[in-house]
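Now for the letters of each chain:
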Amino acid sequence: MRAKEIREFVKIVEESNVGELEITRWWWGKIRISKSSSHVTAMISPANIAENTTISQASKPVAKNAVVEETPAAQTEESNLIEIKAPMVGTFYRAPAPDAEPYIKEGENVSPGKVLCIIEAMKLMNEIEAEIKGKIVKILVDNTQPVEYNQPLFLVEPS
Amino acid sequence: MLKKILIANRGEIALRIIRACKELNIETVAVYSEPDADSLHVHFANEAVCIGPAPSHLSYLNIPHLISAAEITNADSIHPGYGFLAESAHFAEICESCNIKFIGPDPHVITKMGDKAFAKDSMKKAGVPVIPGSDGVVKDITTALKIVQEIGYPVIIKASAGGGGRGMRVVHSPEELDNAFNAAGSEAESAFKNSSLYIEKYFENPRHIEIQLLGDNHGNIISLGERECSIQRKHQKLIEESPSPAVTQEVRNKMNTAAIKGAQGVNYNSAGTIEFLMDETGYFYFMEMNTRIQVEHPVSEFVFGIDLIKEQIKVASNEKLDEKMKNYKLRGHAIECRINAEDPSKDFRPSPGKITSFHVPGGLGVRVDTHAYDQYVIPSYYDSLVAKLITHGKDREEAIVRMLWALDEFIIEGVSTTIPLHKKILNNENFRNGDFNTKFLENFDFNFEGGK
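Parameters at a glance
Residues numbered from 1 in each chain as written. Chains lettered and ligands numbered in written order. Predicted model: local features only at pLDDT ≥ 70, side-chain atom pairs only at ≥ 80, totals over all residues. Helix = DSSP H or I, 4+ residues; strand = E, 2+ residues; numbered from the N terminus. Buried ≥ 20, exposed ≤ 12 C-beta atoms within 10 Å, placed from the backbone. Contact = placed C-beta atoms within 7 Å. Domains from an automatic or database assignment. Nonpolar A, V, L, I, M, F, W, Y, C, P; charged D, E, K, R; others polar. Axes fitted to C-alpha atoms, helices over the stretch in contact; angles between N-to-C directions. Parallel < 35°, antiparallel > 145°, perpendicular 65-115°, else oblique. Left-handed = near helix turned anticlockwise from the far one by under 90°. Pairing = 2+ DSSP bridges.

Quick look at the overall build of chain A now. The helix and strand inventory of chain A stands at 1 helix and 12 strands. In chain A, the succession of α and β elements from N to C terminus is α-β-β-β-β-β-β-β-β-β-β-β-β. Considering chain A as a whole, with its 159 residues, one finds that 22% of them fall into the buried category. Pairs at least 24 residues apart make up 52% of the contacts formed inside chain A by residues separated by at least 6 positions.

Laid out in structure tokens, this is it:
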């Protein structure tokens, strides 16, 4: 199971009245997410199949039997926030050059056409533009991080 | 040895390649379109990258996204599988220029063999028997008429850039020639953006026999023997077997020699297949060369005893083929049934959807290659192959009987499949006697309950 899927399940538990959520798949094992008054905990147990190496080799792996703790985020996940997703596969850059100022910062306003970042693919730098008007609430990826198609890059509060 | 392979494919072949990589200690990168996020190949690879939405041209055929995915995961090579970009010389060239090893033959060989008229010419020069016909592209109807007068009716007009049965017209008499020539040209232009045509003698009841080859970068080429692929519907294979019940040892030796000569003529250096048409007297003629691994490769793996994907990867890593393989002989008999999610009684209408119950047969001499599982949802965007069921026996009869009970044990519910059709074919008297050709399914009765 990929890290972003785990984050989504954690979010579901966080935002609802669900106290505990357990999901089992025969090919990767079991994950249990539970909520107490102070935090949300996720426990992952890999499948008990001797030669199965699925869990330890998921992309952006979470170590076997790890406990992922996520405190109720300072980010209040409002349901009207929009995700800006990667339209292509490549490497994410926040600025036009290594020593230059980033295109945008958290808290800044954007409007359609504003360049938000670069995704580099096959040695070509592709400028990614905003298509909506709003405020950048959170930048979800780090500079030079590889991104896949549809990976959420920015959280925007539309205006 | 290659260190990390990105598999530019999906479904059962992606899983097949991952298995070979695990045995060779090579890391794997799976790529997937959005609907394939829960695919087995995604779960069993070391890493996975989403490369696009459902439509193939935006995902599995999206070269920039594929190359990008290889770059961000530091994959040193790409295995194209079959279909998709497996025979795209353009893709192979781009891989090369990005320093990514394309697991297949050199790009110029893909181009040459992809041009049907050129391939025929190349084989002829290597001394491989070819179907009598035009010497390359036929420019106009006058030239066509001259050729037809030489080789005699019936003839078939084919698109040079074509395949899959399109841009083809059979002509039985002089009155039909004009229309057929023009119709084939138009169809070729619209399907392949290339209206070039060539003409060949047409065989009424041929068998489709192909030779599996393996070549390395050091000039060695071996043949893994023939596969009998005459059970086809609209040029799509349904059942394949090895050896062919119609090929004698004498013909086999001639075919192996011819195929190896043909491959040597283009310095072939990967896994590939040369297809022949064989007439009723045992004479065979070159049809085309497929410069990729094929769906039915497990049939040859069973009778020859090697792992074709591993060998392909080793060859791509610049290793030499094991000399000993030149002396292997075919052992026993193997058959493959392609189980598609289609309803034969409704003109093979695709049957995507959720598999509500899935049980795979097992036991001695039974192999199942599948990416499906219980509760798997077959997407509607890609081909309908759900599983390949292959059996091996000490002789043809044992392989067939084994296949019959294995088909009985194979439970796939929630979608229609071709399982009942396979049973019917295997129980057919002519098939059992080995007495069939590519016309076998033409007048077959497909009206019975599609397996649900």
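Quick look at the domain arrangement of chain B now. Residue and element names in this part refer to chain B. We note that the domain assignment places domain 1 (4–103), domain 2 (132–201) and domain 3 (207–432) within chain B. Taking only C-alpha atoms into account, the centre of domain 1 sits 23 Å from that of domain 3. At the interface, 23 residues of domain 1 touch 21 residues of domain 3. Those elements that place two or more of their residues in the side of domain 1 that touches domain 3 are helix H1 (11–23) and helix H2 (40–44). Residue contributions to the side of domain 1 that touches domain 3 peak at 7 residues, all from H1. Each residue belonging to the side of domain 1 that touches domain 3 can be placed in one class, and the counts come to 11 nonpolar, 5 polar and 7 charged.

Residues and elements named next belong to chain B. Running from N to C, helix H7 (residues 141–151) and helix H8 (residues 174–192) cross one another at 130°; their axes reach a closest spacing of 11 Å. One way to sum up the angle between H7 and H8 is to call them oblique. Here H7 and H8 pass one another in a crossing that is right-handed. In contact with Ile141, Ala144, Leu145 and Val148 of H7, H8 contributes Leu177, Asp178 and Phe181. Grouping the amino acids of the contact of H7 with H8 by side-chain chemistry returns 6 nonpolar, no polar and 1 charged.

Turning our attention to the sheet that holds strand E10 (residues 134–139) of chain A. All names here are of chain A. Judged by pairing direction, the sheet is antiparallel, and its 4 strands sit side by side in the order E5-E12-E10-E7 without closing on themselves. Because the sheet does not close on itself, it has two edges, and the strands there are strand E5 (82–85) and strand E7 (109–110). Bridge count between E5 and strand E12 (residues 152–158): 4 bridges; the pairing is antiparallel. Opposite Ile82, over in E12, you have Val156 as the bridge partner.

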